[in-house]
Amino acid sequence: MNTIKTYLSIVAGAALLLLSGCKSQTAEEAYQACLEAEKNYNAAAEKLSKAAKDGTLTAELETSLTEESNALFEGAKATFSHFFEEHINTAYAQKIFSESRWVRRLNQDQLEAVVKKVEDATFKETEVFKNAADRLKYMKMSSVGNPYINIISRDTIGNQVELAQFVGKGKYVLIDFWASWCPDCRKEMPDVVELYNQFKDKDFEMIGYSLDREEDAWKKGINDLNITWAQMSDLSYWNSPGVQFYSVQWIPTNILIDPDGKIIARGLSVEDLKLKLNELL
C-alpha cells in the first residue's frame, strides 16, 4: 500500500507541474497535454481489463491497478478542465468542448469554472453551451443537502411510476442507476442484492433506474441478477431524464435520500452504503 500511495503522490505531483505550465501554452499545446493524459489513463484501464480477462487479477493487483487507473482518470479530468478554462473563448477549444466525452466527466467545480470563463456571446447561444449550463444547474440541484428531484418513468409492465411514490414515506430511499449492458453494474449487483436483503425490513427502500435501451434486455437483466426491488426505465440510454436530473456521469451510481426527501449521499460504494445504513438504521 505504501507503493500505491507513493505512486499516487507522483501522479498528483506530475499533474500539478503540468497544469502550472498550461498558462504559457498555446491551445494546441495544452490540448496535446490532454491527449497524453487521456492516453495514460486508457493504458491503465486496459491493463486492468486485460488482467481480468486473462485470469491474473489477484485482489492485491486489482486494488493497485484500480487506484492507478483512478489517479490517472482524475489527472486527465484536471488537465482537460484546465485546458477548457484557459482556452474556451477560442474556436479551437470550443470545437473540442463540443466533441470531447471528457466534458461530461468534469465534476461540478471544474465545469462551473469553465462555464464562468465563457465570454464569447456566439458560443453562449449554442446548444453545446446551453447543455453544459443545464448540466451544471442539475449538478447543483442534485448535490448532497438538496431536496430530491422527482422522476416520472415506467415500470417493467409499462405503468407510470414516480420516485415520489417512494420518498417521504418514513423510509430512507436509494436510487440505483444501472443497466443490464453495464459490466460494472453486473459485477457489483450480487453485493447490492445482499445489501437490499439486509436492510429492506429496516425503514429502507430501493428503486432501480435503468439506462437500458431494449425492454427485453432490461427484464432479462432483472431476472438474471435476482433484482427484487422496484424498477423504472425510459429505455433511453444516456438520454434518460433521470440521468439529466441527477447528473449521472457513470454507472453504477446511487443517490441516498432521507425520510424528509433530502439527498444525504451519492456515489457510495456498496461497502460505504452498508456502513452508512448501519449508522442510520
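Thresholds, definitions, all that
- Residues numbered from 1 in each chain as written.
- Predicted model: local features only at pLDDT ≥ 70, side-chain atom pairs only at ≥ 80, totals over all residues.
- Heavy atoms only, no water.
- 1 Å grid on protein atoms, 1.4 Å probe; cavity = no way out; pocket = protein on both sides within 12 Å on 5 of 7 lines; lining within 4 Å.
- Points joined across faces, edges and corners; volume = space filled by probe spheres on them.
- Helix = DSSP H or I, 4+ residues; strand = E, 2+ residues; numbered from the N terminus.
- Nonpolar A, V, L, I, M, F, W, Y, C, P; charged D, E, K, R; others polar.
- Expected span 1.5 Å × (residues − 1).
- Buried < 20%, exposed > 50% of the residue type's maximum accessible area, 1.4 Å probe, protein only.
- Axes fitted to C-alpha atoms, helices over the stretch in contact; angles between N-to-C directions.
- Parallel < 35°, antiparallel > 145°, perpendicular 65-115°, else oblique.
- Left-handed = near helix turned anticlockwise from the far one by under 90°.
- Contact = heavy atoms within 4.5 Å.
- Pairing = 2+ DSSP bridges.
- Right-handed = clockwise from strand over helix to strand, strands pointing away.
- Core = buried A, V, L, I, M, F, W, Y, C linked by side-chain atoms within 4.5 Å.
- Phe/Tyr/Trp six-rings, centres within 6.5 Å; stacked < 30°, edge-to-face > 60°.
- Lys NZ or Arg CZ within 6 Å of the ring centre and 35° of its normal.

1. With respect to empty space enclosed by the protein
- One pass over the full model with this rule turns up 1 cavity of 30 Å³ or more.
- Lining the largest cavity are Leu-174, Asp-176, Glu-188, Val-192, Met-206, Asn-254, Val-270 and Leu-273.
- For the lining of the largest cavity, the elements supplying multiple residues, two or more each, are β3 (172–178), α8 (183–199) and α11 (270–280).
- Counted by class, the lining of the largest cavity contains 5 nonpolar, 1 polar and 2 charged residues.

2. A look at helix α2 (residues 27–54)
- Counted at 1.5 Å a residue, the expected span for α2 with its 28 residues is 40 Å, and the 40 Å between its end C-alpha atoms agrees.
- Taken together, the buried positions of α2 are occupied by Ala-27, Ala-30, Tyr-31, Ala-33, Cys-34, Ala-37, Glu-38, Tyr-41, Ala-44, Leu-48 and Ala-51.
- Just past α2, the residue Gly-55 takes up positive phi, approximately 80 degrees.

3. Some points on the packing of helix α3 (residues 59–87) against helix α5 (residues 108–117)
- In contact at an axis separation of 8 Å, α3 and α5 are set at 15 degrees when each is read in the N-to-C sense. When the axes of α3 and α5 are compared, the pair comes out roughly parallel. Judged by the twist between their axes, the crossing of α3 over α5 is left-handed. Where α3 approaches α5, its residues Lys-77, Ala-78, Ser-81, Phe-84, Glu-85 and Glu-86 are matched on the opposing element by Gln-110, Ala-113, Val-114 and Lys-117.
- The residue inventory of the contact of α3 with α5, partitioned by class, reads 4 nonpolar, 2 polar and 4 charged.

4. Comments concerning the layout of surface pockets
- Considering only enclosed or pocket space, the largest pocket measures out at about 2,200 Å³ in volume.
- Elements with a minimum of two residues in the lining of the largest pocket: α2, α3, α8, β6 (253–257) and α11.
- No other element matches the 9 residues that α3 contributes to the lining of the largest pocket.
- Contributing to the lining of the second largest pocket are Arg-104, Asn-131, Asp-134, Arg-135, Tyr-138, Trp-238, Asn-239, Ser-240, Pro-241, Val-243, Gln-244 and Ser-247.
- Broken down by element, the lining of the second largest pocket gets its largest block of residues, 4 residues, from helix α7 (residues 127–141).
- Each residue belonging to the lining of the second largest pocket can be placed in one class, and the counts come to 4 nonpolar, 5 polar and 3 charged.

5. Observations regarding the pairing of strand β5 (residues 230–233)
- In this sheet, β5 lies alongside strand β4 (residues 204–210) in parallel orientation, the contact comprising 4 bridges. Bridging across to β5, Ser-210 finds its partner in Ser-233.
- With helix α9 (residues 215–224) bridging β4 and its parallel neighbour β5, the resulting β-α-β unit is right-handed.

6. Some words on the pairing of β6
- β6 sits mainly inside the fold: 5 of its 5 residues count as buried.
- On β6, burial covers both faces: Thr-253, Ile-255 and Ile-257 on one face and Asn-254 and Leu-256 on the other are all buried.
- Taken together, the 5 bridges between β3 and β6 define a ladder with antiparallel strand orientation. Looking at β6, one finds that Asp-176 is bridged to Asn-254.
- The pairing of β6 with strand β7 (residues 263–266) spans 3 bridges and is classified as antiparallel. Each residue of the ladder has a partner; that of Leu-256, found in β7, is Ala-265.
- Hairpin remark: β6 followed by β7, antiparallel, with 5 residues in the connecting loop; positive phi at Gly-261, about 90 degrees.

7. Description of the nonpolar core
- In this structure, Leu-163, Ile-175, Phe-177, Phe-204 and Tyr-246 are the most contacted members of the largest nonpolar core, which totals 46 residues.
- Secondary structure elements with two or more residues in this core: β3, α8, β4, α9, β6, β7 and α11.
- Looking at which element gives the most residues to this core, the answer is α8, with 7 residues.
- Setting aside residues up to four positions removed in sequence, Tyr-246 forms contacts with Ser-142, Tyr-148, Ile-149, Ile-151, Leu-163, Ile-175, Phe-177, Ile-255, Ile-257, Ile-263 and Arg-266.
- With 29 residues, the next largest nonpolar core counts Ala-30, Tyr-31, Phe-80 and Met-139 among its residues.

8. Side note on the packing of aromatic side chains
- Applying the stated criterion to the full structure yields 19 aromatic pairs.
- Judged by centre distance (6.4 Å) and plane angle (80 degrees), the rings of Tyr-31 and Phe-80 are edge-to-face. Of this pair, Tyr-31 sits in helix α2 while Phe-80 is found in helix α3, placing the two residues 49 residues apart along the sequence. The exposure classification of Tyr-31 matches that of Phe-80, with both residues buried.
- An aromatic cluster of at least three residues, connected via ring pairs, comprises Tyr-31, Tyr-41, Phe-73, Phe-80, Phe-83, Phe-84, Tyr-92, Phe-97, Trp-102, Phe-123, Phe-129 and Trp-250.
- Of note, Arg-105 hangs over the ring of Trp-102, and the distance from its end group to the ring centre comes to 4.4 Å.
- The ring of Tyr-138 carries the charged tip of Lys-137 above its face, separated from the ring centre by 4.8 Å.

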